[in-house]
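Here are the chains, one letter per residue:
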Amino acid sequence: MKIKYKIALSYSISAFVLLNTFAILAYYFSAQSRKAEYLERLEYRARSIANVIIEDDHVKVDLLRKLDKTTFQDLYKETILVYDPAYDLLYSNIKDTAIRTSRHLLDYIKKNGEYSHERDNGELVGVYYTEGKVSVIVLVTSFDKYGHQNLQNLRQILIIEIIVAVILLVVIGYVFAGGMVRPIDNLVRQVRTINASNLQGMTVTAKGRDEISQLGANFNTMLKRLSNAFDLQKSFVSNASHELRTPLASIISQLQVALSKERSAEVYQDILTSVLEDAQHLSDLSNGLLQLAQSGLDEQQFVFTEVRIDELLLDMSNLIKLKRAPASPGAEAQKSARVDISFLKVPELDTELICEGNESLLKVLFLNLLDNALKFSADNTTFVTIDFTPKNIQVQVKDNGIGIAPEDLEKIFEPFYRGSNSHQVRGHGLGLSICKRIVQLHKGQIVVSSIQGQGTTFTVTLPHQHQ
């Protein structure tokens, strides 16, 4: 069922129940008011009769008969019964009918002074009246013809009004519901036209300040994010294909040259060394792609434990040596790396240096930052400073290399992006993008500042408690 039909149906049912409730209450209170008013009238009638027939301590029944023949009886189907205290019938306006009155009823009236009751054929009121030394019991029964007729008319009017109101409510509810969901229908029609081929620059129109306009604004934001994600994916696939194709093409071409004719052992060794370097570059690229994919996983996929950042950084020197080892026994060894670690202030507690995170990912984070800094440092040295606050721990990795151009700073964390002045250094542009995703997984921040010709500083801020 469509939403507008649900809204119209819910609105109609709610209004119908409300109208019925008010109609039933109106009818009920009208019936109670009629009953109370008519019983009060019968009671007044009974007391008036008792007051008329008692005179000079005697019961004047003849006077009541005379009045009965004239204008005294003005109630519909009225019956009057008058008893003395001994329950002997003194007067009755009923002719040719056996009169039976319950003794329990007469006892109750004599004891309590009055009695009123509604019956199917009318209302009954009895009073015990005393004047001087004379007492009588007067019973008056009558049917409120006009009162019941008015109630019946009221019931018919209420039923007709409810039927008409329900019809109007259904029509009005449908019209209002259609107007309420019209922006949603417009939104749906616009969304149907959006696909992967025309996602770029597409937006939906949603005016106003209600929830639907907020939905449209959020949808536009989502479209923009999807468009950026698609562009990033296309760029990633294109760059990954290019980066993978280059070392493979180099390996294939060198092997083809080596197989084209017989060569000396020294030439074969040089070719194999070059192929090994390309294979190592290909391995580094594959590992980088795997790390990038892993860093894009949901944080719930990882186990977070307490990690001492200072101890983790001290272990980086061995990992740096292994990563920067020569590709083959005959290859030229790289300059020895030097990592200078210092504290801005002395920690008093071990908890000040603890970060709740995934140790494997944090090793990848700082290994990439340190290796990147060492590659661009002229003296193969990087400086690491550790600082902390009650909520965060901050690590700065600084080099004295060539720096980063200002126009490259905003794009330096994008996959496969490399600065304009970094092409002479071997790399594939994945390390910093991996670092950023790892920091985001740990609810932290990473920022970069650089001065060309003087060096670059990466600042990583990680919270003590992962939230």
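- Going by an unreviewed UniProt entry, the chain carries the name histidine kinase and comes from Chitinophaga filiformis.
- Under the heading Subcellular location (unreviewed entry), UniProt records this for the chain: "Membrane".
- Database annotation for the chain, UniProt heading Catalytic activity (unreviewed entry): "ATP + protein L-histidine = ADP + protein N-phospho-L-histidine."

**Some details on the nonpolar core**
Step number 1: Core analysis: the largest hydrophobic core is formed by 41 residues, its most contacted members being Ile 309, Leu 365, Phe 366, Leu 369 and Leu 462.
Step number 2: Elements supplying a minimum of two residues to this core: helix H7 (309-314), helix H8 (316-323), helix H9 (359-376), strand E11 (381-388), strand E12 (392-399), helix H10 (431-441), strand E13 (445-451) and strand E14 (455-463).
Step number 3: For this core, the element with the highest residue contribution is H9, accounting for 10 residues.
Step number 4: Not counting residues within four places of it along the chain, the set of residues in contact with Phe 366 comprises Ile 309, Leu 312, Leu 313, Met 316, Val 395 and Leu 462.
Step number 5: With 21 residues, the next largest nonpolar core counts Leu 39, Leu 42, Val 125 and Tyr 129 among its residues.

**Side note on the UniProt feature "transmembrane region" (unreviewed entry) in the chain**
Step number 1: Mapped onto the present numbering, the UniProt feature "transmembrane region" (unreviewed entry) falls at residues 7-29 and 157-177.
Step number 2: Each end of residues 157-177 is marked by a C-alpha atom, and these two atoms are 29 Å apart; helix forms 100% of the span and strand 0%.

**Digging into the pairing of strand E7 (residues 134-142)**
Step number 1: With respect to burial, E7 is a largely interior element, 9 of its 9 residues being buried.
Step number 2: Of the two faces of E7, the one lined by Val 134, Val 136, Val 138, Val 140 and Ser 142 and the one lined by Ser 135, Ile 137, Leu 139 and Thr 141 are each fully buried.
Step number 3: Strand direction decides the pairing type here: strand E3 (residues 79-83) and E7, joined by 5 bridges, are antiparallel. Along E7, the bridge assignment pairs Leu 81 with Leu 139.
Step number 4: Where strand E6 (residues 122-131) lies against E7, 9 bridges are found, and the strand directions are antiparallel. Bridging from a neighbouring strand, Val 127 pairs with Val 138 of E7.
Step number 5: Counted along the chain from E6 to the antiparallel partner E7, the turn is 2 residues long, and its residue Gly 132 has a positive phi close to 70°.

Rules and cut-offs
Residues numbered from 1 in each chain as written. Predicted model: local features only at pLDDT ≥ 70, side-chain atom pairs only at ≥ 80, totals over all residues. Heavy atoms only, no water. UniProt positions renumbered as here; feature names shortened; annotations may be inferred. Core = buried A, V, L, I, M, F, W, Y, C linked by side-chain atoms within 4.5 Å. Buried < 20%, exposed > 50% of the residue type's maximum accessible area, 1.4 Å probe, protein only. Helix = DSSP H or I, 4+ residues; strand = E, 2+ residues; numbered from the N terminus. Contact = heavy atoms within 4.5 Å. Pairing = 2+ DSSP bridges.

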